[in-house]
Amino acid sequence: MTDYLKFYINGQWVDPSQPRTLDVINPATEEPCARISMGNKQDVDKAVAAAKAAFPKFSTTTRQERIELLQSIMAVYQKRYAEIAAAITAEMGAPVQLAQRAQAAMGLAHFNTNLEILKTYEFERDKGTTRIVREPVGVCAFITPWNWPINQIACKVAPALAVGCTMVLKPSEVAPINAYLFAEVLHEAGVPAGVFNLVNGDGVDVGSPLSSHPDVDMVSFTGSTRAGILVSKAAADTVKRVALELGGKSANIVLDDADFNKAISSSVMTMMSNSGQSCNAPSRMLVPASRQDEAIAVAKAAAEKVKAGDPNAEGTVIGPVVSEVQFNKIQGLIQKGIEEGATLVAGGLGRPEGLNKGYYVRPTVFANVTNDMTIAREEIFGPVLAILPYKDEEDAIRIANETVYGLSGYVQSGSVERARQVASRLRTGNVHLNGAGPDLNAPFGGYKQSGNGREWGEFGFEEFLEVKAVLGYNPA
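These numbers come from a predicted model, not from an experiment. (Residues numbered from 1 in each chain as written. Predicted model: local features only at pLDDT ≥ 70, side-chain atom pairs only at ≥ 80, totals over all residues. Heavy atoms only, no water.)

Here we look at the overall build of the protein
Along its length, the protein carries 14 helices and 21 strands. Taking 23 Å as the expected radius of gyration for a compact globule of 476 residues, we find that the protein reaches 23 Å, a close match to that expectation. Reported as C-alpha extents along the three principal axes, the dimensions of the protein are approximately 65 × 60 × 40 Å. Expressed as a percentage of the 476 residues in the protein, the buried residues total 58%. Contacts in the protein between residues far apart in sequence, at least 24 positions, make up 73% of those at least 6 positions apart. About 18,900 Å² of surface is accessible on the protein, with carbon and sulfur atoms providing 51% of the total. Once the 45 positive and 52 negative side-chain charges of the protein are each reduced to a mean point, those two points are 2 Å apart. (Helix = DSSP H or I, 4+ residues; strand = E, 2+ residues; numbered from the N terminus. Rg over C-alpha atoms; globule rule 2.2 N^0.38 Å. Buried < 20%, exposed > 50% of the residue type's maximum accessible area, 1.4 Å probe, protein only. Contact = heavy atoms within 4.5 Å. Areas by Shrake-Rupley, 256 points an atom, 1.4 Å probe, with all protein chains shown as cover. Lys, Arg positive; Asp, Glu negative; His and termini not counted. Charge placed at Lys NZ, Arg CZ, Asp CG, Glu CD.)

What follows is the structure, encoded as structure tokens:
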């Protein structure tokens, strides 16, 4: 077990203001794999003061200086890549291949995307006699989750650094090791003192003081809708900018002209990936009622191929869920699905066969689900798929939109044009047509209670910019 007991403030590793520690649990073994310090308001005040002091100088650095800084970060990140991936496997249970090819890879990819945007972005342009200037928003507070930890850190930190902001990061205390390694990367890469700061802790003692801090100009939060509401309320008194990427209950509409074998089997694998712990997971599969039996057979066969087990073992498709808290929540929702009358097609309660330790959940599929059932309404955040039958295309669109969430959506059809038409009617921030994967240049974010603001690409870049109009800049 390794200790990570210092915070990174003003370019130095410093002791917390008060000694208080927390064990980081490896969800595959249920044993501690690391120990961190837990911060408080005093630590937040020090970190924010460092970021505030660093802002005047860093915000006026040149484009070329920031280009070279991002390039330096990427070079050091590459050196530490394997270490970062291994940390993610240990602290949140991502299988080795997923940690290496997706989890750690996304961190590097966001820096590369923002580097390319920075090279050509127009920070100033003229509109008649007025000069429109885009300037860094200021000191940013970042509160990030455990499910795609380095992805969510990098998609905030990379654009913020690219435009000249300074920042304080509070990563999830459930999976904080990757953030600690990331801070070491930034330090070695030469990020100036005070520009990036790291304070570990929980939402009450660190997240809330950060969100409400009068010297923080923007707070960007990724996590549950419940916690996002608390962040918004804490930020309201100082009228700071708030960006929220929250929960989802994404509908996956399989139209009657889709290739059922391909669409359903691939959708099951997408849903189960990362143990179902993705906010944009296609967790509600909508199929024609007349073909639900066919869909059930394909989904059952696909789910039974999802091997849950040791994330370090070859052939493992999904590892454990992240914690005992999450395991118990998921078990409770599976029980709820059974009690409310959904048909259990695959999986169910308890651990997968042969696993008697670790927070492993059986890959589970329910059918004959109606939109008023708990498993259709609540974000389960586990490998649990709900299949909902629909009467016709209009009914499918109605069911898809009948949710408080609106983060992502999926449409499967033999006709791209038909898929496009259905996509245009979904009230959601993303729609994936026929299995299309992520696009780092596309905006990521949601409608309704899935949040506000956008991350990724140029849209995410601009979240960290204020807009100034200088009137009379170009006299007539």
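A word on the side chain of Gln-103
Positionally, Gln-103 belongs in helix α3 (residues 96-120). Apart from residues lying up to four places away in sequence, Gln-103 is in contact with Ile-88, Met-92, Ala-94, Leu-98, Asn-147, Trp-148, Pro-149, Ile-150, Asn-151 and Asn-274.

Considering the nonpolar core
Within soluble globular proteins, side chains that are nonpolar generally end up buried alongside one another. In this structure, Ile-73, Phe-111, Val-157, Leu-161 and Phe-196 are the most contacted members of the largest nonpolar core, which totals 79 residues. Top element by residues in this core is helix α2 (residues 63-92). It accounts for 13 residues. Leaving out residues up to four positions away in the same chain, Leu-161 has contacts with Phe-58, Arg-66, Leu-70, Ile-73, Phe-111, Met-167, Leu-186 and Val-195. In terms of nonpolar packing, the next biggest core, distinct from the first, is built from 30 residues, Tyr-359, Leu-388, Ala-396 and Val-411 among them. (Core = buried A, V, L, I, M, F, W, Y, C linked by side-chain atoms within 4.5 Å.)

A short note on the pattern of salt bridges
With the rule as written, the count across this model stands at 26 salt bridges. With a closest N to O distance of 2.6 Å, Arg-80 and Glu-184 form a salt bridge. Of this pair, Arg-80 sits in helix α2 while Glu-184 sits in helix α5 (residues 177-189), and the two are 104 residues apart along the sequence. Taking relative accessible area as the criterion, Arg-80 reaches 15% and is therefore assigned buried. Judged by relative accessible area, Glu-184 falls into the partly exposed class, the value being 24%. Between Glu-393 and Arg-418 there is a salt bridge; the shortest N-O distance is 2.8 Å. (Salt bridge = Lys/Arg side-chain N within 4 Å of Asp/Glu carboxyl O.)

Remarks on the sheet that holds strand β1 (residues 2-4)
Pairing is mixed in the open sheet, where three strands are placed in the order β1-β5-β4. The open sheet is flanked by β1 and β4 (21-26), the only strands paired with a single partner. Adjacent strand axes in the sheet meet at a mean angle of 30°, parallel and antiparallel pairs treated alike. Summarising the sheet, β4 and strand β5 (residues 31-37) pair through six bridges and their orientation is antiparallel. Of the residues in β5, the one forming a bridge with Val-24 is Ala-34. (Pairing = 2+ DSSP bridges. Axes fitted to C-alpha atoms, helices over the stretch in contact; angles between N-to-C directions.)

Thoughts on helix α7 (residues 225-236)
For α7, which comprises 12 residues, the first-to-last C-alpha distance of 16 Å matches the rise-based estimate of 16 Å (1.5 Å per residue) to within 8%. The set of residues buried in α7 consists of Thr-225, Ala-227, Gly-228, Val-231, Ala-234 and Ala-235. Check the buried side of α7 and you find it contacts β8 (139-143), α6 (203-212), β11 (218-222) and β12 (241-245). (Expected span 1.5 Å × (residues − 1).)

Points about the packing of aromatic side chains
Considering all chains together, one arrives at 13 aromatic pairs under this definition. Seen in terms of ring centroids, Tyr-8 and Trp-13 are 5.1 Å apart; in terms of plane orientation they differ by 55°. Their pairing is tilted. Residue Tyr-8 is classed as buried on the basis of its relative accessible area, which comes to 3%. Since its relative accessible area comes to 26%, Trp-13 is described here as partly exposed. Ring centres 6.1 Å apart and planes at 45° place the aromatic pair Phe-111 and Phe-182 in the tilted group. Placement of the pair is Phe-111 in helix α3 and Phe-182 in helix α5, with a sequence separation of 71 residues. Note on accessibility: Phe-111 and Phe-182 belong to one class, buried. (Phe/Tyr/Trp six-rings, centres within 6.5 Å; stacked < 30°, edge-to-face > 60°.)

Focus: a negative patch on the surface
A cluster of acidic residues, Glu-339, Glu-340, Asp-372 and Glu-378, forms a negative patch at the surface. Mapped onto the elements, Glu-340 comes out in the loop between α10 (324-339) and β15 (343-346). (Patch = residues over 30% accessible without salt bridge, like charges linked within 9 Å, V, L, I, M, F, W, Y side chains within 5 Å.)

Overview of the environment of Val-137
Mapped onto the secondary structure, Val-137 falls in the loop between β7 (130-136) and β8. With relative accessibility at 9%, the residue Val-137 sits in the buried group. Note: C-alpha distance between Val-137 and Gly-248 (111 residues apart in sequence) is 28 Å. In contact with Val-137, other than residues within four places in its own chain, are Cys-165, Asp-217, Met-218, Arg-241, Phe-464, Leu-465 and Glu-466.

Quick notes on helix α8 (residues 260-272)
The end-to-end C-alpha distance of α8, which contains 13 residues, comes to 18 Å, matching closely the 18 Å that a straight helix rising 1.5 Å per residue would cover. Regarding α8, the residues found buried are Phe-260, Ala-263, Ile-264, Ser-267, Val-268, Met-271 and Met-272. On an axial view of α8, the arc spanned by its buried residues comes to 150°, and they lie on one face. Seen from the open side of α8, the exposed residues pointing more than 90 degrees away from its buried face are Asn-261 and Lys-262. Looking at the buried residues of α8, the elements they touch are β13 (251-254), β14 (284-288), α9 (292-303), β16 (364-367), β17 (384-390) and β18 (409-412). With a side-chain oxygen lying 3.3 Å from the backbone nitrogen of Asn-261, the N-terminal cap of α8 falls on Asp-259. One or two positions beyond α8, positive phi appears at Asn-274, with a value near 60°. (Arc of directions from axis to C-beta. Polar contact = N/O pair within 3.5 Å; in protein donor to acceptor, adjacent residues only side chain to side chain.)

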